[in-house]
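Each chain is listed here by its residues.
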Amino acid sequence: MARWPAINSTPPALLYLLGYNTSIAALVGSIALAGVAAETGVVTIVYLDELYDHRMAQGTMATRRDLYDAIIEGAVMRVRAKTMIVIAIIAASQAFSPIM
């Protein structure tokens, strides 16, 4: 929670520094973006936790290398979903941005 003010203030600061108009809609969008980032992080942690529990039940979680392998496997399971989220956000932002 200590990073929340920094995360939530960065998009409006970038809008200001880059010379974009800052509006209520832009601020709401930055809050939504922070929400998407938080949700993605929570879902990733849930995937990693489930994989850890599964490996503990199998008895294959004995060394640090096993833990490392579980983290990599759980992260790879989330790459497709994260990629789809990023593509959707970029496509939506490009659809509503003015042509330069």
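You'll find the structure just up there.
A brief look at the structure comes next. (Residues numbered from 1 in each chain as written. Predicted model: local features only at pLDDT ≥ 70, side-chain atom pairs only at ≥ 80, totals over all residues. Heavy atoms only, no water.)

**Here's the deal with the overall build of the protein**
Then, number 1: Check the secondary structure of the protein and you find three helices and zero strands.
Then, number 2: Put simply, the protein has 100 residues, and 11% of those count as buried.
Then, number 3: When the accessible surface of the protein is totalled, it reaches about 7,900 Å², and 69% of it is carbon and sulfur. (Helix = DSSP H or I, 4+ residues; strand = E, 2+ residues; numbered from the N terminus. Buried < 20%, exposed > 50% of the residue type's maximum accessible area, 1.4 Å probe, protein only. Areas by Shrake-Rupley, 256 points an atom, 1.4 Å probe, with all protein chains shown as cover.)

**Concerning helix 3 (residues 64–95)**
Then, number 1: Relative to the 46 Å expected for 32 residues at 1.5 Å per residue, helix 3 spans 46 Å between its end C-alpha atoms, a close match to the ideal helical length.
Then, number 2: Maximum bend of helix 3: about 35°, positioned at valine 79.
Then, number 3: Taken together, the buried positions of helix 3 are Asp66, Ala70, Gly74 and Arg78.
Then, number 4: Where helix 3 is buried, its residues meet helix 2 (24–58). (Expected span 1.5 Å × (residues − 1). Bend = angle between axes of the 7 residues up to and from the residue. Contact = heavy atoms within 4.5 Å.)

**What about a nonpolar patch on the surface?**
Then, number 1: On the surface, Tyr52, Met56, Leu67 and Ile71 cluster together into a nonpolar patch covering about 330 Å² of accessible area.
Then, number 2: Residue assignment for the nonpolar patch shows that the elements contributing at least two residues are helix 2 and helix 3. (Patch = residues over 30% accessible without salt bridge, like charges linked within 9 Å, V, L, I, M, F, W, Y side chains within 5 Å. Salt bridge = Lys/Arg side-chain N within 4 Å of Asp/Glu carboxyl O.)

**As for helix 2**
Then, number 1: For helix 2, with 35 residues, the first-to-last C-alpha span of 51 Å sits near the 51 Å given by 1.5 Å per residue.
Then, number 2: All of the buried residues along helix 2 are Ser30, Ala34, Thr40, Thr44, Leu51 and Arg55.
Then, number 3: Positive phi shows up at glycine 59, right after helix 2, with a value of about 85°.

**Details of the packing of helix 2 against helix 3**
Then, number 1: In contact at an axis separation of 9 Å, helix 2 and helix 3 are set at 150° when each is read in the N-to-C sense. Regarding the angle of helix 2 to helix 3, the classification is roughly antiparallel. By crossing handedness, the relation of helix 2 to helix 3 is classed as right-handed.
Then, number 2: Taken together, the residues of the contact of helix 2 with helix 3 break down into 14 nonpolar, three polar and six charged. (Axes fitted to C-alpha atoms, helices over the stretch in contact; angles between N-to-C directions. Parallel < 35°, antiparallel > 145°, perpendicular 65-115°, else oblique. Left-handed = near helix turned anticlockwise from the far one by under 90°. Nonpolar A, V, L, I, M, F, W, Y, C, P; charged D, E, K, R; others polar.)

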